[in-house]
Amino acid sequence: MKTIYFDNNATTDVDPQVLEAMLPYFQGRYGNPSSMHHKGGEVAAALREARKQLADLLGCEPGEIIYTSCGTESDNTAMWSALRTQPDRRHLVSSRVEHSAVINNAAFLKRQGYRITEVGVDREGLLDMEGLKNALTPDTALVTLLWANNETGVLFPVEEIARLCSEKGIVFHTDAVQAVGKIPINLKETKIDMLSLAGHKIHAPKGIGALYVRKGLKFAPFMIGGHQEGGRRGGTENVPYIIGLGMAAKLAGERLPEENTRVKALRDRLEDGLLKIPYTMVNGSRLCRLPNTTNISFEYIEGESILFHLSHAGICASSGSACTSGSLEPSHVLRAMGVPFTAAHGSIRLSLATTNTDEEVTEALRIFPEVVIKLRDLSPFWKDGGPVQESGLLSCDTNNCQICN
Ligand SMILES: *Cc1c(COP(=O)(O)O)cnc(C)c1O
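Residues numbered from 1 in each chain as written. Predicted model: local features only at pLDDT ≥ 70, side-chain atom pairs only at ≥ 80, totals over all residues. Heavy atoms only, no water.

Glancing now at the pairing of strand β8 (residues 209–213). Of all 5 residues that make up β8, 5 are buried, and the element is covered over most of its length. Burial along β8 is two-sided: Gly209, Leu211 and Val213 and Ala210 and Tyr212, pointing in opposite directions, are all buried. Relative to β8, strand β2 (residues 65–68) is paired through 4 bridges, and the arrangement is antiparallel. The residue of β8 that forms the bridge with Ile66 is Leu211. (Buried < 20%, exposed > 50% of the residue type's maximum accessible area, 1.4 Å probe, protein only. Helix = DSSP H or I, 4+ residues; strand = E, 2+ residues; numbered from the N terminus. Pairing = 2+ DSSP bridges.)

So, in structure tokens, the structure goes:
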């Protein structure tokens, strides 16, 4: 059975050119870039080149990049730094739809006594800009917001928000893990202070990330140790992975046009085809969105069951409900958007990449309706080709959600 991988927002396949660029730095070119001999020197030179490749993708200076171990570390570092460099400010602004790397860190900071404002979104997943403006105070140390939502692909106007924060003297960080490589980014033309990215979302390996820190911004290191990364992140550099991220950044820049034409067209054909199935809908603004992501609700059936059947047919996707993690709650993102629970439960995220093909979309459009029909036939909320009207559906907020149980 052939695999159709539509889960590129979860992680991506390492590009063959990325792996090839990395391999010499495991054996052979193994020097420590801090060493004063030639074995160190050749590696230091390669690191400089890789840093330049990533800086070119972001439109920033190589010196504005700090390598980290992952997107999560980049997010944590940004939040930590903003609070440590402004100890008088005790307020942090974020949104209700952030990645767990930010949401759970904010929850931790709240327990430490910081004040947190989580700005809401509308039914399309777009940020409540008035709510954001009203949240900003002289006590606000940081505004941190996703550039692109990992579950829906919805974009926040971070460039506009960065200007707003800059005018008010508030530090602005964006988690751009999903945006990098999918939309054009030119940091030197923005007021963004810090930006997080992760290698494994752009065809580099898992376990390498980066944080952009605007030149001149006060910074406090999260990892204290040696002089690496200009003293901003201690620890011997993860050389092969940094080299890999450099190549991945170069390829992402070259493939940006394809991402916004061919990949987008694939996504749109897939989405339009799936919407022909009755009782389906797209979650998230279809206009203000990444080119590769669609989040679709198949009402009256359960996301986890859909995933199971899709996987059986070779299709990899992910769901917006979190029943497998032991909770009955649908995704916090869909909840924040006010997606009705019968729809939130049956939501599926499909995220494409340049590695996907037209044939795969055609095949998926053959398999999906079969799966949905089969599951609806088994659903207690579906009868005679339509939803059961008086089924007395219970809200997921209760402990006895009939879809989950
Ligand atoms: C994947 C992801 C992260 C976390 O990156 P890791 O490298 O897995 O730590 C953070 N934010 C967003 C939006 C992501 O999609």
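Next comes the rest of the write-up.
The next subject is the site of the ligand. Neighbouring the ligand are 13 residues; Gly71, Thr72, Asp175, Gln178 and Lys201 lie closest to it. At 2.6 Å from a nitrogen atom of the ligand is found a side-chain nitrogen or oxygen belonging to Asp175. Note that an oxygen atom of the ligand is positioned 3.1 Å from one of the side-chain N or O atoms of His200. In the complex, the protein chains occlude 89% of the 380 Å² of accessible area that the ligand would expose alone. With 3 residues, helix α3 (residues 71–85) is the largest single contributor of residues to the shell around the ligand. Classifying every residue of the shell around the ligand by side-chain character gives 4 nonpolar, 6 polar and 3 charged. (Near = heavy atom within 4 Å. Polar contact = N/O pair within 3.5 Å; in protein donor to acceptor, adjacent residues only side chain to side chain. Areas by Shrake-Rupley, 256 points an atom, 1.4 Å probe, with all protein chains shown as cover. Nonpolar A, V, L, I, M, F, W, Y, C, P; charged D, E, K, R; others polar.)

Turning to the confidence of the model for the protein chain, a few remarks are in order. With 94% of its residues at a pLDDT of at least 70, the protein chain reaches an overall mean of 94. When the criterion is pLDDT under 50, residues 394–405 qualifies, and its contacts beyond four places in sequence or with other chains add up to 29 contacts. (pLDDT = per-residue confidence, 0-100. Contact = heavy atoms within 4.5 Å.)

As a further point, take the environment of Thr294. Mapped onto the fold, Thr294 is located in strand β10 (residues 293–298). On the basis of relative accessibility, which here comes to 0%, the residue Thr294 falls in the buried class. With 175 residues separating them in the primary sequence, Thr294 and Val119 have C-alpha atoms 23 Å apart. In contact with Thr294, other than residues within four places in its own chain, are Arg267, Glu271, Val282, Arg289, Ile348, Arg349 and Leu350. A distance of 2.6 Å separates polar atoms of two side chains, one belonging to Thr294 and the other to Glu271.

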